[in-house]
Amino acid sequence: MVDTLTPQQKAAAVMISIGAENAAGVYKYLNEDEIETLTLEISKLKSLSAEESEMVLTSFYQLCLTKKVIDEGGVDYARVVLEKAFGAQQATKLLERVSSTMRSRNFDFIRKADYKNLMAIIQNEHPQTIALILSYATSDQASTIISELPKDKQIMVVERIAKMSSASPDVVGIIEDNLEKKFSSFITFDNSEIGGIDYIADIMNHMDRSNEKYIFDELSKVDEKLAEEIRKRMFVFEDITILDDMAIQRFLRDVDSKDLVLAIKGSNQEVSNLIFKNMSNRQAETIKSDLEYTHNVRLRDVEEAQQRIVAIIRRLEEEGELVIMKGGKDEVIA
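Now for a look at the structure at hand. (Residues numbered from 1 in each chain as written. Predicted model: local features only at pLDDT ≥ 70, side-chain atom pairs only at ≥ 80, totals over all residues. Heavy atoms only, no water.)

1. Some points on the overall build of the chain
Across its full length, the chain carries 18 helices and 2 strands. Of the contacts formed within the chain by residues at least 6 apart in sequence, a portion of 74% connects residues at least 24 apart. Counting only carbon and sulfur atoms, one obtains 49% of the accessible surface of the chain, whose full area is about 19,300 Å². (Helix = DSSP H or I, 4+ residues; strand = E, 2+ residues; numbered from the N terminus. Contact = heavy atoms within 4.5 Å. Areas by Shrake-Rupley, 256 points an atom, 1.4 Å probe, with all protein chains shown as cover.)

Structure (structure tokens):
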């Protein structure tokens, strides 16, 4: 079970394991969003066995130790220490997990930068360089910048971000040297996960309609399979929360009730509340009744039901039946 827990659930398990008094002390160092997320996960997390709690705490201790030895002696030193303590394979996994967290912190200055300044600095760079830099930016920044790039460069940047999985320290070092007068130093110490299809899908979710359509049309000519994979990941079931009431009521008319039960079974409270709010009282009572008798549902069945609902939403959007209020420059007239 421990291997299937999300990072948020593992954090909740740690908080539960250390006791209320210590957990309250940790809360003092969290922001409001983190407190809300953690509290929700704690309330949802079912009881863990003593063995499971120990495994979660052991994993947490290993991550803390990894961070400590990196700070004290650097990555090479940390790798030696961790390999001796936990073996080469586990050491690599720990370093990758901690490096991802530290990378996000080290590149925070890019995410705080004004997109106009970022655009002025990178617009004339090679598409691969732009793709690398935007992989450290927020999806809002990246979508805006891509929208303002020349059309031919848009496609090249999108394609490179989607196909990007890691960047070597040497490559990032070259970029650091070239841009050090305009940016704070690029800091990295190991191959870090960047870019990828999920990230470019998030960027495209914030893109205005005209640029989105152009990019997909052109990208399909270059790599149709990649374009379709990005499109599939652009709107997830939890994104129902960005729809207005009319849009939710519209897609609910086309959704199979069995899919709806399964989808709600695996959804969060915000999504389920929003769906029930836009149903008739009779339909809501029927769905809630079905939920009470729906047990031991496979995660795969839940995900497939949610994907079918998402497909309906995307179809209705393409047909002009509803509007997904995305970022970018879409304008809606009531």
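2. Focus: the side chain of Thr294
Considering the arrangement of structural elements, one finds Thr294 in the loop between α17 (281-292) and α18 (299-318). Thr294 gets classed as buried once you look at its relative accessible area, which sits at 16%. Among the polar contacts listed, one links the side chain of Thr294 to the backbone oxygen of Asp290, at a separation of 2.6 Å. Setting aside its immediate chain neighbours within four residues, Thr294 contacts Val261 and Lys265. (Buried < 20%, exposed > 50% of the residue type's maximum accessible area, 1.4 Å probe, protein only. Polar contact = N/O pair within 3.5 Å; in protein donor to acceptor, adjacent residues only side chain to side chain.)

3. Description of the packing of helix α1 (residues 7-17) against helix α3 (residues 32-44)
For the pair α1 and α3, interaxial distance at closest approach is 8 Å and the crossing angle is 75°. By the criterion of interaxial angle, the relationship of α1 to α3 is roughly perpendicular. Packed against α1, whose contacting residues are Gln8, Gln9, Ala11, Ala12, Met15 and Ile16, the element α3 presents Thr37, Leu38, Glu41 and Ile42 at the interface. (Axes fitted to C-alpha atoms, helices over the stretch in contact; angles between N-to-C directions. Parallel < 35°, antiparallel > 145°, perpendicular 65-115°, else oblique.)

4. Focus on unusual backbone geometry
Here Asn296, not a glycine, exhibits a phi torsion of approximately 50°, which is positive. Locating Asn296 in the fold gives a position in the loop between α17 and α18. Judged by relative accessible area, Asn296 falls into the exposed class, the value being 80%.

5. Notes on helix α8 (residues 127-134)
Think of an α-helix as 3.6 residues a turn; residues three or four steps apart then line up on the same face. Within α8, 7 of the 8 residues are buried, which leaves it mostly tucked inside the rest of the structure. Where α8 is concerned, the buried positions are Pro127, Thr129, Ile130, Ala131, Leu132, Ile133 and Leu134.

6. Examining the packing of helix α7 (residues 115-122) against helix α9 (residues 139-148)
Across the interface, α7 lies against α9 with an axial gap of 10 Å and an inter-helix angle of 50°. One element, α7, and the other, α9, form an angle in the oblique class. Considering how the two elements wind past one another, α7 and α9 form a crossing that is right-handed. Counting all contacts with α7, which are made through Tyr115, Leu118, Met119 and Ile122, the residues of α9 involved are Gln141, Thr144, Ile145 and Glu148. Partitioned by chemical class, the residues of the contact of α7 with α9 number 5 nonpolar, 2 polar and 1 charged. (Left-handed = near helix turned anticlockwise from the far one by under 90°. Nonpolar A, V, L, I, M, F, W, Y, C, P; charged D, E, K, R; others polar.)

7. Description of the nonpolar core
One recurring pattern in soluble globular proteins is that nonpolar side chains are buried together. Counting residues in each nonpolar core, the largest one holds 35 residues, and the members touching the most others are Leu134, Ile146, Ile161, Ile200 and Ile230. Of all the secondary-structure elements, those providing two or more residues to this core are α7, α8, α9, α10 (151-163), α12 (197-205) and α13 (209-232). If we skip the residues at most four places from it in the chain, Ile200 touches Ile146, Val158, Ile161, Ala162 and Ile230. One finds Ala247, Ile248, Ala263 and Ile264 within the second-largest nonpolar core, a separate group that totals 28 residues. (Core = buried A, V, L, I, M, F, W, Y, C linked by side-chain atoms within 4.5 Å.)

8. Section: the environment of Val255
Following the sequence through the fold, Val255 ends up in the loop between α14 (245-252) and α15 (257-265). When the C-alpha positions of Val255 and Ile312 are compared, they lie 7.5 Å apart, and in sequence the two are 57 residues distant. Excluding its chain neighbours within four sequence positions, the residues that come into contact with Val255 are Leu260, Ile309 and Ile312.

9. Regarding α14
Of all the positions in α14, only Ala247, Ile248, Arg250, Phe251 and Leu252 are classed as buried. Structurally, α14 contributes buried residues whose contacts are with α15, α16 (269-277) and α18. Between a side-chain oxygen at the N-terminus of α14 and the backbone nitrogen of Met246 the separation is 3.3 Å; the capping residue is Asp244.

10. Observations regarding the pattern of salt bridges
Per the stated rule, a full pass over the model turns up 11 salt bridges. With a shortest N-O distance of 3.1 Å, Lys163 and Glu159 are connected by a salt bridge. Here the residue Lys163 and the residue Glu159 both occupy positions in helix α10, the gap between them amounting to 4 residues, near one helical turn. Exposure remark for Glu159: the relative accessible area of 16% places this residue in the buried category. Close ionic contact of Asp259 with Arg308 constitutes a salt bridge, the shortest N to O distance being 2.7 Å. With a gap of 49 residues between them, Asp259 in helix α15 and Arg308 in helix α18 connect regions that are remote in the sequence. A relative accessible area of 13% places Asp259 in the buried class. (Salt bridge = Lys/Arg side-chain N within 4 Å of Asp/Glu carboxyl O.)

All we've got here are geometric facts, nothing functional implied.
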